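Chain and residue survey
What follows is the residue order along each chain.
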Amino acid sequence: MSDDLEPVEDFRRRARAWIQANLGPVQPWDLDQNCENDAEELKAVARDRALQRKLHDAGFAGLCFPKEYGGQGLTPAHHRAFCEELAGHEFPSRFAVPTFSPCASIILECGTAEQKARHLPAILRGDEVWSQLLSEPGGGSDVAGATTSAVRDPATGDWIINGSKVWTSRAWWADWGLILARTNWNVPKHQGLTVFMVPLQQPSIEIRRIERLNGESEACEEFFTDVRVPDSDRMSEIDGGWTVGQRWMYHERVGHNSPWVLRPVGLKQNESKEPTLVAVARRAGRLDDPAARELIGEGQALKIVTHELQRRLASAAASGAGNTDLSSIDRLFRGLAGVRQATIALELAGGQAAAWSEEEEADTGSQGMRYLMRQVTCIGGGTTEIARNVIAERVLGMPREPSGDKGVPFRDVPRGPSRKT
Ligand SMILES: Cc1cc2nc3c(=O)[nH]c(=O)nc-3n(C[C@H](O)[C@H](O)[C@H](O)COP(=O)(O)OP(=O)(O)OC[C@H]3O[C@@H](n4cnc5c(N)ncnc54)[C@H](O)[C@@H]3O)c2cc1C
């Protein structure tokens, strides 16, 4: 650490004083990210923009971002101290993922000097919210199999994008998107991709909402019809987008656990509130039931292990030690632990998971709905199956799974009906 930097414990004290004086208690829409309706959601977005601005004006935005882009130039240890002090307080949760990670992290690592100077200060000020456009109707796991195309207009040098993306979280209110598009069909799939930055709210992009099982519709699908993008908004080398794509996947897997993302961390987080599983068991009248106590213990153990695993992987990443693909272990464990936590809560709630009052929902959430949606934790941010593949092949060095498209020009790779060009 540079001698000029404020010692972490001094910084922690300063951060604590500011947080306690300036930030209110954590809000329900920060924790589960769901609002009752669109008007409430847009209100939460506006609040988060204002909160991000407040952090910025107080000198607490972008703690690990370089000062030249409006950040504070501090270390992951300062960031962690701030996030620990943030526990129990409101924070700009809608900026966390995907705006700060993977989008801002990728812009910082791979953007041109002009792109960084234009977008990073704007994100840190709360002026720009970003989305990531990777998944396509033909499949999301095979990210490098993107068929959304970008063709150069020889007259202007602009790029013209056509195609569609799907499952894009919150595109309906985001300002900008990072998009992976195919620029060359005559080379193997990883060699013909390019990354662009696109303003999302424009007439050439039709954004539709997708309603999920639980009634939420924050996921969107986008249809691009001759979307014109200046070459200055191209982020990678032409056809060299997979170099950016690999870093993108890494930041995607790290997600909320990244030193670029501001969010409360630590086991103290819900100290002011009874732990959810205890509250669920209490409501079900099962606090004295030894089987219920075992379930609560299992849930707590999972929480501790998740926390410690993330801490260990984060410090390995920050020190440069360890393979970046280790992030897949955290991604896999988070998915499995999320499913198990939802199952434990359902088992504790018993029949009460079938119906609930508004008051109960505000207090501990609905365990029935949580159970129905449990698989989301194994899909969003890349599936746990793909994480297992990455761990097997790139962490444990096991043989790669067979691939029919290796070395084959993408044009000749067989595709299903939705993936035809
Ligand atoms: C909450 C949430 C938020 C999301 N946000 C975004 C977003 O903002 N932007 C975005 O672009 N996408 C987003 N997604 C989409 C997500 O990235 C994809 O759903 C995911 O990558 C899987 O793609 P798919 O649904 O098309 O399934 P497919 O790729 O069609 O896969 C179907 C099943 O086959 C398995 N499978 C596929 N290939 C293999 C293989 N080689 N080995 C073993 N198993 C395999 C998969 O694991 C999966 O179980 C989001 C998804 C969720 C649930």
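Residues numbered from 1 in each chain as written. Predicted model: local features only at pLDDT ≥ 70, side-chain atom pairs only at ≥ 80, totals over all residues. Heavy atoms only, no water.

1. Observations concerning the domain arrangement of the protein chain
Domain assignment breaks the protein chain into domain 1 (8-96 + 115-126), domain 2 (131-251) and domain 3 (274-395). Placing a centre on the C-alpha atoms of domain 2 and another on those of domain 3 gives a separation of 31 Å. Residue-level contacts link six residues of domain 2 with eight residues of domain 3. With both chains or domains summed, domain 2 and domain 3 bury close to 600 Å², and 74% of this area falls on carbon and sulfur atoms. Together, Leu213, Asn214 and Tyr250 form the three largest contributors to the area buried by domain 2 at its contact with domain 3, with a combined 68%. Our enumeration of links across domain 2 and domain 3 arrives at zero salt bridges. Viewed at the interface, domain 3 and domain 2 are joined by zero residue pairs in polar contact (both at pLDDT 80 or more). For the side of domain 2 that touches domain 3, the residue count by class is two nonpolar, two polar and two charged. (Domains from an automatic or database assignment. Contact = heavy atoms within 4.5 Å. Buried area = accessible area lost by both parts, 1.4 Å probe. Salt bridge = Lys/Arg side-chain N within 4 Å of Asp/Glu carboxyl O. Polar contact = N/O pair within 3.5 Å; in protein donor to acceptor, adjacent residues only side chain to side chain. Nonpolar A, V, L, I, M, F, W, Y, C, P; charged D, E, K, R; others polar.)

2. Focus on helix H13 (residues 384-395)
Three or more residues of H13 are buried, namely Thr384, Ala387, Val390, Ile391 and Glu393. Residues of H13 that are buried sit in contact with helix H7 (241-254) and helix H10 (327-349). Directly after H13, the chain includes Gly397, whose backbone phi takes a positive value near 70°. (Buried < 20%, exposed > 50% of the residue type's maximum accessible area, 1.4 Å probe, protein only. Helix = DSSP H or I, 4+ residues; strand = E, 2+ residues; numbered from the N terminus.)

3. Some words on the pattern of salt bridges
Summed over the entire model, instances satisfying the criterion amount to 36 salt bridges. Here Glu206 makes a salt bridge to Arg208, at a shortest N to O gap of 2.8 Å. Given the relative accessible area of 40%, Glu206 is considered partly exposed. Relative accessible area serves as the criterion here: at 39%, Arg208 is assigned to the partly exposed category. Glu298 serves as the salt-bridge partner of Arg340, at 2.7 Å between the closest nitrogen and oxygen. Pair noted here: Arg340 is in helix H10 and Glu298 is in helix H9 (residues 290-319), with a separation of 42 residues, a long-range link. Classification of Arg340 as partly exposed rests on a relative accessible area of 27%. Look at Glu298 and you get partly exposed, because its relative accessible area is 32%. Ionic contacts of the salt-bridge type, sharing partners, join the residues Glu9, Arg12, Arg16, Arg80, Glu84, Glu85 and Arg311 into one network.

4. Some thoughts on the site of the ligand
Surveying the vicinity of the ligand reveals 19 residues, the closest of which are Ser135, Gly140, Ser141, Thr383 and Glu385. Contacts to the ligand include Gly140, whose backbone N or O atom sits 2.6 Å from an oxygen atom. When the ligand sits alone it has 970 Å² of accessible area, and the protein chains cover 68% of it. Going through the elements one at a time, strand S3 (159-169) and H13 are the ones with two or more residues in the shell around the ligand. Looking at the shell around the ligand, the element that brings in the most residues is S3, giving four residues. Taken together, the residues that form the shell around the ligand break down as six nonpolar, 10 polar and three charged. Each of domain 2 (131-251) and domain 3 (274-395) contributes no fewer than three residues to the shell around the ligand. (Near = heavy atom within 4 Å. Areas by Shrake-Rupley, 256 points an atom, 1.4 Å probe, with all protein chains shown as cover.)

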